[in-house]
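# A closer look at the structure
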Amino acid sequence: MTTTSVSPRELYDRIRRGDASVLDVRNRDEFEAWHVDGPDVTAAHVPYMEFVSAQVTGDPADLLPETLSEPVVAVCAVGESSDEVADSLRESGVDAANLEGGMEAWADLVVSHDLGDGVVQYERPSSGCLSYLLADGEEAAVVDPLAAAAGRYAADARERDLDLRYAVDTHVHADHVSGVRAVAEETGAERVLPEGATDRGLDYDATLVGDGDVLAVGDRELVVEHAPGHTTELVVLEWGEDLLTADCLFLDGVGRPDLEDEDRARELASRQYQTLRDVVFAYGDETRVLPGHVEATTRPGERGFTRPLGAVRERLGLAELDEDAFVERLTTDLPPRPANYADIVAVNLGEREISAETLELERGPNNCAVSSA
């Protein structure tokens, strides 16, 4: 029997199995700006109104692009128009299902990966955002939490009988609304940000940490290292044999340098080069990299998104460039900035309250990375 609908999690599982064909029936500009993506995802666009017309004048199945193989998942903004399309395709003999809740529900999906050694990685597939729960004994810290998933971190900590001591941001994010304040409000965790956030205009109370500072979690230490480049205040965090590289280093690229101040992009790109050379790549090759984002084309490992630092460095073509060439690469032909990034920064600095309306600002592609390609 043909499945008539799939949940966002079921679509995610199809993507991870490598058999996802997605038919997006939103407007062309919406599709081009942001759509379901991932390794081996085949996504195609046909506007909803073309299917409406085909139901009267022809066979809706004739509109199905040849690039899509069955089963097909139809997608729209909230899952209503795509439900009609999926129904009409099934009537024409196509194995088609509707994505429940559409792109809004897809944006809300957060999937966890137990990486072992006291680390849980949270993946938001719609944007590639990664956040972390770090635990030792009966204590834990959450790093780079999403405001939209604040309850998830709190619930997972309770389920594991953990006292969530810290809610940490590695920098002032430009692509998503930070969950530091929301997690702290729900759990009593201490709000922690890099000390340079005050220079960015931080407008709420938080514990500020700088280079060499340590946060005790159980019997372990979360060590702070200043790593400017993507932003001036960004820090990376050492957790035993793991390095949380935030938006400094990804598995397939590095953080772009033009979101804090476009006029200083070349200066920040130069600092990024020095940070990678003197801070990040000073760690051993077996250090496990835990990035702050993942690209749509990045394949996960057996547990989640992580690789040894040596493998990341070898894969990263940017690492072979000299400083001048690196700066040129990081400041030339960059993709569009994250949607509403200036407004998101304002929210994360505390200049605006977090609300359902502000959470809508983060819907869309991430675009925080400069790919190694």
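The structure under discussion appears in the preceding block.
Before going into details, it helps to say that this report is about the structure given with it. (Residues numbered from 1 in each chain as written. Predicted model: local features only at pLDDT ≥ 70, side-chain atom pairs only at ≥ 80, totals over all residues. Heavy atoms only, no water.)

Turning our eyes to something else, we now look at the overall build of the chain. Check the secondary structure of the chain and you find 13 helices and 20 strands. Its C-alpha radius of gyration of 21 Å places the chain within 12% of the 21 Å reference for a compact globule of 373 residues. Projected onto the principal axes, the alpha-carbon positions of the chain cover approximately 70 × 50 × 40 Å. When each of the 373 residues of the chain is scored for burial, the buried share is 54%. Considering only intrachain contacts with a sequence separation of at least 6, the fraction spanning at least 24 residues in the chain is 64%. Element-wise, carbon and sulfur atoms account for 42% of the exposed surface of the chain, whose accessible area totals about 15,500 Å². Averaging the coordinates of the 31 positive side-chain charges in the chain and doing the same for the 78 negative ones gives two points 2 Å apart. (Helix = DSSP H or I, 4+ residues; strand = E, 2+ residues; numbered from the N terminus. Rg over C-alpha atoms; globule rule 2.2 N^0.38 Å. Buried < 20%, exposed > 50% of the residue type's maximum accessible area, 1.4 Å probe, protein only. Contact = heavy atoms within 4.5 Å. Areas by Shrake-Rupley, 256 points an atom, 1.4 Å probe, with all protein chains shown as cover. Lys, Arg positive; Asp, Glu negative; His and termini not counted. Charge placed at Lys NZ, Arg CZ, Asp CG, Glu CD.)

A cluster of like negative charges, contributed by Glu195, Asp199, Asp211 and Asp213, occupies part of the molecular surface. Assignment of secondary structure puts Asp211 in the loop between strand S12 (207-209) and strand S13 (214-217). Overall, the relative accessible area of 55% leaves Asp211 in the exposed class. (Patch = residues over 30% accessible without salt bridge, like charges linked within 9 Å, V, L, I, M, F, W, Y side chains within 5 Å. Salt bridge = Lys/Arg side-chain N within 4 Å of Asp/Glu carboxyl O.)

Under the definition given, this model contains 25 salt bridges. Measuring nitrogen to oxygen at the nearest pair gives 3.2 Å for the salt bridge that ties Arg266 to Glu328. One end of the pair, Arg266, is in helix H9 (residues 265-278); the other, Glu328, is in helix H11 (residues 323-330), with 62 residues separating them in the sequence. Residue Arg352 pairs with Asp343 through a salt bridge whose shortest N-O separation is 3.6 Å. A relative accessible area of 35% means that Arg352 is categorised as partly exposed. Exposure remark for Asp343: the relative accessible area of 34% places this residue in the partly exposed category. Several salt bridges share partner residues, and in doing so they unite Arg256, Asp258, Glu262 and Arg337 into one network.

Below, the discussion takes up the nonpolar core. Among the nonpolar cores identified, the biggest contains 47 residues, and Tyr132, Leu249 and Val254 are the most heavily contacted of them. No other element matches the 4 residues that strand S15 (residues 235-239) contributes to this core. Not counting chain neighbours up to four residues away, the residues in contact with Leu249 comprise Val254, Leu276, Val280, Phe281, Pro291, Leu309, Val312 and Leu316. Val110, Val142, Tyr153 and Ala167 belong to the second-largest nonpolar core, a separate cluster that totals 29 residues. (Core = buried A, V, L, I, M, F, W, Y, C linked by side-chain atoms within 4.5 Å.)

The strand order S6-S7-S8-S9-S10-S11-S12 describes an open sheet built from 7 strands, whose pairing is mixed. One side of each edge strand has no neighbouring strand; the edge strands of this open sheet are strand S6 (111-116) and S12. Sheet twist, expressed as the average angle between the axes of neighbouring strands with direction ignored, equals 25 degrees. As defined by bridge partners, strand S8 (residues 129-136) adjoins strand S9 (residues 139-143) across 5 bridges and the pair is classed as antiparallel. Paired with Tyr132 across the two strands is Val143, which belongs to S9. (Pairing = 2+ DSSP bridges. Axes fitted to C-alpha atoms, helices over the stretch in contact; angles between N-to-C directions.)

Here we come to helix H1 (residues 8-17). All of the buried residues along H1 are Pro8, Leu11, Tyr12, Arg14 and Ile15. All buried residues of H1 project into a common sector of 160 degrees when viewed along the axis, lining one side. Downstream of H1 by a residue or two, Gly18 has a phi angle that is positive, lying close to 85 degrees. (Arc of directions from axis to C-beta.)

What follows is about the sheet that holds strand S1 (residues 5-6). Pairing is parallel in the open sheet, where 5 strands are placed in the order S1-S5-S4-S2-S3. A single partner strand is all that each edge strand has here, and the edge strands are S1 and strand S3 (42-45). Contacts from helix H4 (residues 81-91) reach strand S2 (21-24), strand S4 (72-75) and strand S5 (96-99) within the one sheet, and its direction differs from that of S5 by about 170 degrees.

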